[in-house]
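Remarks on the overall topology
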Amino acid sequence: MKATPDDKPGGHFDAYDPAQIRKEKGFRAWREINVKKGDVYLKSASNSRKTTASYYTPASLSQPLVKAGIDHAIASAGAQGQTFMDLKILDNACGSGHFLVEALGYLTDLALARLDTDADLRQLVALESDKIAEQLHFLNLDYIPEDAQILKRALLKRCIYGVDLNPFAVELARLSLWMDSFIFGTPLSFIEHHVQHGNALMGASVKEFIDYKAIEVRQNDFFVDNLSARFDDLRTVMQELDAMRDTTAFEVEQSKLLWKNTIAPKLQLLSRALSFICTRRALLAEGDRAACEALDKTPDLISQLFDETKTKTAALKQVEGYAQRFHFFHYEVAFPEAFAGDKKGFDIIVGNPPWDKTKFADTDFFPQYHSNYRSLKNAEKATVQKRLLESSHIASAYQSALQNKDVANEYYKDKTVFPLNKGSGDGNLFRLFVERNLGLLNKGGSLNYVLPSALMFEEGSMGLRKYIFTHCQMPFFYSFENNRGIFQDVHRSYKFALMQVVNSPPDATSITPIDTAFYVLDPVALQQPETHVAYPLATVKALSPEQWALMELRDGADLPILQKCYAAFSSLSPDWLDFRRELHMTDDKDLFIEKEAPGLLPLFEGKMIWQYSPVVSQRFSEERELICLETRF
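Calculation notes
- Residues numbered from 1 in each chain as written.
- Predicted model: local features only at pLDDT ≥ 70, side-chain atom pairs only at ≥ 80, totals over all residues.
- Heavy atoms only, no water.
- Helix = DSSP H or I, 4+ residues; strand = E, 2+ residues; numbered from the N terminus.
- Buried < 20%, exposed > 50% of the residue type's maximum accessible area, 1.4 Å probe, protein only.
- Contact = heavy atoms within 4.5 Å.
- Salt bridge = Lys/Arg side-chain N within 4 Å of Asp/Glu carboxyl O.
- Axes fitted to C-alpha atoms, helices over the stretch in contact; angles between N-to-C directions.
- Parallel < 35°, antiparallel > 145°, perpendicular 65-115°, else oblique.
- Left-handed = near helix turned anticlockwise from the far one by under 90°.
- Nonpolar A, V, L, I, M, F, W, Y, C, P; charged D, E, K, R; others polar.
- Pairing = 2+ DSSP bridges.
- pLDDT = per-residue confidence, 0-100.
- Phe/Tyr/Trp six-rings, centres within 6.5 Å; stacked < 30°, edge-to-face > 60°.
- Expected span 1.5 Å × (residues − 1).
- Polar contact = N/O pair within 3.5 Å; in protein donor to acceptor, adjacent residues only side chain to side chain.
- Core = buried A, V, L, I, M, F, W, Y, C linked by side-chain atoms within 4.5 Å.

Concerning the overall build of the protein
What the protein contains, in helices and strands, is 22 helices and 11 strands. Looking at the protein as a whole, 44% of its 633 residues qualify as buried. Partitioning the contacts of the protein with sequence separation of at least 6, the portion at a separation of at least 24 is 74%.

As for the pattern of salt bridges
Counting across every chain of the model gives 14 salt bridges. Connected through salt bridges with shared partners, the residues Arg 272, Lys 312 and Glu 320 form a single ionic network.

With respect to the packing of helix H18 (residues 429-438) against helix H19 (residues 462-471)
As a packed pair, H18 and H19 sit with axes 11 Å apart at the nearest point and diverge in direction by 30°. Classified by the interaxial angle, the pair formed by H18 and H19 is roughly parallel. Judged by the sense of rotation from one axis to the other, the crossing of H18 with H19 is left-handed. Residues Arg 431, Val 434, Glu 435 and Leu 438 of H18 lie in contact with H19, whose contacting residues are Leu 464, Tyr 467 and Ile 468. Here the contact of H18 with H19 is built from residues that sort into 5 nonpolar, no polar and 2 charged.

Observations regarding the sheet that holds strand S7 (residues 441-452)
Taken together, the 9 strands give an open sheet; going across it, the order is S5-S4-S3-S6-S7-S9-S8-S10-S11, and neighbouring strands pair in mixed fashion. The open sheet has two edge strands, strand S5 (195-197) and strand S11 (533-535), and neither has a second partner. Taking the axes of each pair of neighbouring strands and ignoring which way they run, one obtains an average angle of 15° across the sheet. Bridge count for strand S3 (residues 89-91) against strand S6 (residues 346-351) is 2 bridges, and the pairing is parallel. Following the sheet pairing, Leu 90 is matched in S6 by Ile 349. Strand contacts of helix H4 (residues 98-114): S3, strand S4 (160-164), S6 and S7, with the helix running at about 175° to S4, the strand carrying the most contacts. Of the strands in this sheet, S6, S7 and strand S9 (495-502) are in contact with H18, which crosses S7 at around 170°.

Brief notes about the confidence of the model for the protein
This prediction gives the protein a mean pLDDT of 81; 79% of its residues lie at or above 70. Every residue in residues 1-13 is under pLDDT 50, and counting partners more than four places away or in other chains gives 26 contacts.

Some details on the packing of aromatic side chains
Scanning all chains against the criterion turns up 27 aromatic pairs. Pairing Phe 457 with Phe 477 gives two aromatic rings, centres 6.3 Å apart and planes at 90°, and the pair type is edge-to-face. With Phe 457 in the loop between S7 and H19 and Phe 477 in strand S8 (residues 473-481), the pair connects residues that are 20 residues apart, well separated along the chain. The partly exposed category is assigned to Phe 457, whose relative accessible area is 23%. Within the aromatic cluster, the residues linked to one another by ring pairs are Tyr 161, Phe 329, Tyr 331, Phe 335, Phe 339 and Phe 346.

Topic: H4
For H4, with 17 residues, the first-to-last C-alpha span of 25 Å sits near the 24 Å given by 1.5 Å per residue. Of all the residues in H4, the buried ones are His 98, Phe 99, Leu 100, Glu 102, Ala 103, Leu 104, Gly 105, Tyr 106, Leu 107, Thr 108 and Ala 111.

A few points about the side chain of Gln 500
Residue placement: Gln 500 occurs in strand S9. Its relative accessible area of 4% is what places Gln 500 among the buried residues. Within the local environment of Gln 500, its side chain forms a polar contact with the side chain of Asn 448, the two groups lying 2.8 Å apart. Setting aside its immediate chain neighbours within four residues, Gln 500 contacts Ala 68, Gly 69, His 72, Ser 446, Leu 447, Asn 448, Gln 473, Met 474, Pro 475 and Phe 476.

A short note on the nonpolar core
Note on soluble globular proteins: their nonpolar side chains tend to be buried together. Judged by nonpolar contacts, the single largest core of 138 residues is most densely connected at Tyr 331 and Phe 346. The greatest single-element share of this core, amounting to 12 residues, is contributed by helix H11 (residues 249-285). Once residues lying within four places of it in the same chain are set aside, the contact partners of Phe 346 are Lys 88, Leu 90, Tyr 161, Tyr 331, Phe 335, Ala 338, Phe 339, Leu 440, Leu 441, Asn 442 and Gly 445. Of all hydrophobic cores here, the second largest spans 10 residues; its members include Phe 365, Phe 366, Tyr 369 and Tyr 373.

Spelled out as structure tokens, the structure:
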């Protein structure tokens, strides 16, 4: 594609030069399109999957995760006498909705298998079948939907929830769910309230709002009662909305009216109150403590936040401006039915969270304007950056993205928000998602994730590991190597894992080990018993008392060998030596004795070992030995 001669690069463009490509690469253009200024065209850049969060997780990975999460939830619900129609399934980095579609399909299969023995399900299918048959008769359509299709539509409205930061990804997810649950001759279900746009990591809870105003709240019990009543009312209305099957056009219209006239206004006020807490955090993340203190001192602040009139004070404009800028997302407001009654969260959270760093990266911005930016050399990238930033709208977008990412990065470092993510190294989004979602699980609920294996190995995840092993249960952890390109867009040496964590404290009387597997190259290998290694929690503590890290084992025979080795010697204290860098000539100089003496061992550095041949000249050997004996005892 190329611009016409009279066009100037002022909009969204890509810098590919067809003539240069033909000259340098020898490629032939199959088609060229001339776009006049002012025309609209659709273009897919090389990072379109990344920017729309539409990476595809292979079914060989998503299916076992979905199955494990739903099977656990149904077993738990059955034990408590609950129906699985009330399960709440969330993917808060849903992208195009692949995991949600997978979950809806598997849940439908289970419901269909129970149809003959579950009276409530049979009654539901019968009522919906009659309404659909009436519509099809009116449209003169000779078509009878299957029971599975009817069940899927009902489950979609009751069980499936999604969130994503990218608005286009949200539309893709809704479209995927609509296509998967569509019944010919019926309208599309109203699911805008179940799949929403927002930052899944930036939000506040009702408790955090009350805690902030603790002194005032204690003096004003009416405020507490009023706030609780508001949320109870919202939960009731949302349950009413979910109960609408949207089988007919009239029901869909009723759902939309209920949302617009009753629910949306309540959401706006409650969301604004919680966004105030996030605005304070964002101001502090920007380093503007004075603005935060000024906001705190706003007269009648609570009254303003819950003012139902259209009046916009300076404080309200500031809160709403920050909410729009960072897309704060408050789960208790967005999905109140998941926090109704005794339930305090979701039964199943499943998905593949972002694996990116929290810091701003040029490689996440410039590819939308220059498709092959990531593959360029550094000097070429600098040239592209300079040329692109000469365009005012790109420069403005760049500065805005840079500033927002920097503020978000500082926001995530707030230890009152993410206390388990403190530690050395750069922040990583997958760790933040794990911590956030552990707090969103209902008691006994499960987190089922595809994520980097580093969670169980790296130092930066140590706080999360300790929490998981001391407060939760981990049924399985399967570590993969991407050597065979399971993820085509990820480096072949990268390691990732399938993991399930259950929000239940470890059973002191149980000796059930963690089902682990390491160095897996193909998901099919998990079907082989010899791939699995039973890893007791006591062994985790024994082999890694400080880091609580898993050892990567080739097979089960390695574990007793490691246990014997670790039992033979007492553990070395990390206060004595930083084992991440091993022995360091300068930093650990106080540990070395530089004079030869009986009973001391020489220390050989890697550079003293001839890496190509065991046979070297006598002179070289004597010289190296002399250096070692004189300086390294």
